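Listed below, chain by chain, are the residues.
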Amino acid sequence: MTGPLFCLPALEPQSINWQVTSNRQAHRTDRFSGQQLTVRRGQPFSFSMILNRSLDSGDSLGFIASTGPYPSESARTKAVFPLSSGTSRGGWSAQLVSNKDNVLTISISSPANAPIGWYTLSTQISSQGNDFVQKLGTFILLFNPWVQEDGVFMSNHAEREEYVQEDAGIIYVGSTNRIGMVGWNFGQFEEGILDICLSILDHSLNFRRDPATDVARRSDPKYVGRVLSAMVNGNDDNGVISGNWSGSYTGGRDPRNWNGSVEILKEWKRSGFRPVRYGQCWVFAGTLNTVLRSFGIPSRVVTNFNSAHDTDRNLSVDVYYDAYGRPMDKGSDSVWNFHVWNEGWFVRTDLGPSYSGWQVLDATPQERSQGVFQCGPASVTAVREGDVNLDFDMPFVFAEVNADRITWIHDARNNTQKQNSTDARSIGRYISTKAVGSNSRMDITEKYKYPEGSSEERQVFEKALGKLKPRMAFGATSARHLEREGREPSISGKFKVTGILEVGKEVNMALILKNLTSDMKTVTVNMTAWTIVYNGTLVHEVWKDSVTISLDPEEEIQHPVKITYAQYEKYLKADNMIRTTAVCQVSDEAEVVVERDIILDNPSLTLEVLGPAMVGVAVVVKVTVVNPLLETVEDCMLMVEGSGLLQGQLSIDVPSLEPQERASVQFNITPSKSGPRQLQVDLVSPYFPDIKGFVIIHVATAK
């Protein structure tokens with residue numbers, strides 16, 4: 001007589017240890033807040049699984065990794081793969097690392113070109129005649145610039161640290177003769193930010209139209225970059241930020257108020273994904289940089305001074321004045337004192353290896369591309385070589401750094417205009433980004449174009465114009481480098497600053513006129529000054545003057561220009577910019593147009609850390625501010641922010657400040673992360689534009 005047959009129970013997972021700490025360290029995602037399993041593609045991660053019994057020869061174990069709402073093997077958004085003892089190359093695979101009692105340690109490998117985003121991992125078990133699938137958990141898969149097979153691979157360690165792992169930076173602003181900088185808190189590792197960045201993809205027009213295809217294409221950094229350039233602005237798709245260059249910001253925040261991306265992204269989510277008001281170019285670029293770095297795409301913020309906005313693809317921008325010297329808001333072209341965009345680092349499999357590397361991505365809504373406000377990726381190498389026929393948005397980006405600036409004088413009496421001058425050298429100057437590992441400015445102009453006036457630069461311009469407008473190429477490009485028609489002007493002019501440029505003070509300048517001939521000349525001069533927004537938007541005329549000046553042969557004179565604080569105080573915007581112009585007319589000759597944009601300095605903000613900074617230990621920060629005005633100011637506030645230094649944003653009321661009073665405010669911060677951290681402070685006042693400052697605090701690990 002035989003005993004009863006003993007049946008093994010069906011195999012079942014009972015608990016999972018995702019080995020989050022070791023996986024996050026190995027995948028360099030340990031700086032992200034929280035304990036979510038976050039890994040990078042093309043690199044294995046391990047977990048252990050406790051089963052209800054040990055594995056038997058009759059058991060079969062496999063896995064399913066899937067992403068998006070409609071996972072599919074054909075679209076590569078779903079992978080089904082067995083547990084094996086060997087390694088697999090290329091696709092998804094699961095390797096048995098150890099099998100001890102009823103505990104399995106398993107290593108999962110993903111392909112280096114898998115779509116990024118949220119994944120679900122399930123196990124597929126066949127045991128004792130039962131087949132079933134059980135969800136094990138979720139993880140986030142990111143791009144991997146540390147793995148050579150990934151399209152975002154970056155070989156240089158210091159550059160990877162700067163362009164992927166650095167969570168604060170510097171954005172350059174101002175003008176060619178006064179380059180300034182603001183600190184920016186990218187904050188890509190802050191709590192909840194990676195989730196919000198991933199949700200940006202799920203709110204895109206592409207996802208809403210065809211989610212299955214959109215998720216499948218998230219394997220491609222150039223696709224992800226282009227989608228993000230559309231989604232960081234709110235123009236077509238309820239994206240993150242609403243732009244405003246009017247100078248009036250009621251119903252939102254002045255773009256200069258923001259110190260970083262974290263508050264913007266959190267506000268977007270908090271509002272039910274409605275565009276946050278308001279941003280200008282550096283705000284769009286700072287925020288896009290946060291999203292790119294959070295995904296693992298190496299990226300940096302780039303500023304182009306004297307940036308052309310060419311709306312009609314003719315590689316020239318037209319600037320108009322009337323006979324009284326007033327700049328005119330005429331035509332759709334413009335020249336921005338500065339414009340800020342991003343570069344992302346990845347291969348261009350669509351164009352060929354010579355076009356890989358840095359790619360321009362611009363989230364500022366300027367022109368529609370394929371029906372949507374998006375721009376890029378445009379290969380920086382292609383810009384330099386004039387290959388304006390290549391994807392994406394190359395003519396616009398090429399013009400931003402290369403267009404000719406053509407000045408016109410408009411005659412209101414008969415509604416005509418005549419060309420006054422052509423300037424082939426002023427556009428695209430001092431193209432700047434923060435240097436790797438330091439706070440100094442790195443000039444990258446030579447990456448975008450050959451030296452101004454060189455034969456290579458002329459050839460590239462002609463090549464570009466030939467591709468855009470083949471029939472007019474010869475005539476246009478030949479004219480570009482000829483002197484303007486007609487006689488050479490008999491006088492020259494320029495504005496010179498003769499005093500200090502500070503908010504609250506009188507502006508003192510001089511118009512220097514020189515007679516270039518051996519004849520006497522009489523010059524009629526019409527001058528104006530306007531407050532402007534940095535993109536050239538005219539705010540208000542604050543001063544004007546007309547004079548007639550006699551010049552002896554080869555004489556040079558200085559005519560004083562004084563603009564009082566009372567004249568400009570109500571109309572000065574946060575850019576602190578005033579545009580002075582003079583139209584100088586010698587009878588029967590072409591006018592000479594003189595222009596200069598000046599930037600008024602804010603009083604400096606002094607930041608001191610009173611004692612050593614250490615993780616988990618409160619430290620006092622002292623901020624010293626100065627009232628720049630000759631009147632008492634009230635209702636000032638300090639806005640303080642800094643990733644790894646404090647949670648969220650700190651708002652501190654500042655006591656009323658007497659005229660030109662210097663006052664100090666102290667507050668505590670408790671650092672949560674070690675290493676060099678950037679603390680941003682913004683003094684917000686209803687009386688004068690924002691005053692910003694930042695300090696690098698070196699935080700030691702806790703003893």
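Fair warning: this is a prediction, and the values are worked out from it, not measured in the lab.

**Digging into the packing of helix H3 (residues 193-202) against helix H8 (residues 281-295)**
Move 1: The contact between H3 and H8 brings their axes to 10 Å, and the two run at 100°. When the axis of H3 is compared with that of H8, the two are roughly perpendicular. For the pair H3 and H8, the contacting residues are Ile 193, Leu 194, Cys 197, Leu 198, Ile 200 and Leu 201 in the first and Thr 290, Val 291, Ser 294 and Phe 295 in the second.
Move 2: Residue composition of the contact of H3 with H8, by class: 8 nonpolar, 2 polar and no charged.

**Some words on the domain arrangement of the protein**
Move 1: By the assigned domains, the protein splits into domain 1 (13-142), domain 2 (157-469), domain 3 (491-599) and domain 4 (606-699).
Move 2: The distance between the C-alpha centroids of domain 3 and domain 4 comes to 38 Å.
Move 3: Contacts between domain 3 and domain 4 engage 9 residues on the former and 7 residues on the latter.
Move 4: In total, about 460 Å² of surface goes out of reach between domain 3 and domain 4, with carbon and sulfur atoms giving 57% of it.
Move 5: Where domain 3 meets domain 4, there are 0 salt bridges.
Move 6: The interface formed by domain 3 and domain 4 includes 0 residue pairs in polar contact (both at pLDDT 80 or more).

**Considerations on the packing of aromatic side chains**
Move 1: Summed over the entire model, instances satisfying the criterion amount to 24 aromatic pairs.
Move 2: Between Phe 305 and Phe 338 the ring centres are 6.5 Å apart and the planes differ by 55°, which places this aromatic pair in the tilted class. Of this pair, Phe 305 sits in strand E14 (residues 299-309) while Phe 338 sits in strand E17 (residues 334-346); the two residues are 33 residues apart in sequence, bridging distant segments of the chain.
Move 3: An aromatic cluster is built from Trp 18, Phe 45, Phe 47, Phe 63, Phe 81, Trp 92, Tyr 119 and Phe 139, whose rings are joined through pairwise contacts.
Move 4: Stacked on the ring of Trp 282, the Lys or Arg Arg 256 has its end atom at 4.6 Å from the ring centre.

**Description of the nonpolar core**
Move 1: Grouped together as the largest cluster of nonpolar side chains are 61 residues, with contacts concentrated most on Leu 228, Trp 282, Phe 295, Phe 338 and Tyr 534.
Move 2: Dropping the residues within four chain positions of it, Trp 282 is found in contact with Ile 171, Trp 184, Pro 255, Arg 256, Phe 338, Val 340 and Tyr 534.
Move 3: Ile 491, Val 503, Leu 572 and Ala 613 belong to the second-largest nonpolar core, a separate cluster that totals 60 residues.

**As for the side chain of Arg 300**
Move 1: Turning to its location among the elements, Arg 300 is positioned in strand E14.
Move 2: Engagement of the side chain of Arg 300 in a polar contact is seen with the side chain of Tyr 163, the distance being 3.0 Å.
Move 3: Here the side chain of Arg 300 touches Glu 343 through a polar contact of 2.7 Å, side chain to side chain.

Parameters at a glance
- Residues numbered from 1 in each chain as written.
- Predicted model: local features only at pLDDT ≥ 70, side-chain atom pairs only at ≥ 80, totals over all residues.
- Heavy atoms only, no water.
- Axes fitted to C-alpha atoms, helices over the stretch in contact; angles between N-to-C directions.
- Helix = DSSP H or I, 4+ residues; strand = E, 2+ residues; numbered from the N terminus.
- Parallel < 35°, antiparallel > 145°, perpendicular 65-115°, else oblique.
- Contact = heavy atoms within 4.5 Å.
- Nonpolar A, V, L, I, M, F, W, Y, C, P; charged D, E, K, R; others polar.
- Domains from an automatic or database assignment.
- Buried area = accessible area lost by both parts, 1.4 Å probe.
- Salt bridge = Lys/Arg side-chain N within 4 Å of Asp/Glu carboxyl O.
- Polar contact = N/O pair within 3.5 Å; in protein donor to acceptor, adjacent residues only side chain to side chain.
- Phe/Tyr/Trp six-rings, centres within 6.5 Å; stacked < 30°, edge-to-face > 60°.
- Lys NZ or Arg CZ within 6 Å of the ring centre and 35° of its normal.
- Core = buried A, V, L, I, M, F, W, Y, C linked by side-chain atoms within 4.5 Å.
- Buried < 20%, exposed > 50% of the residue type's maximum accessible area, 1.4 Å probe, protein only.

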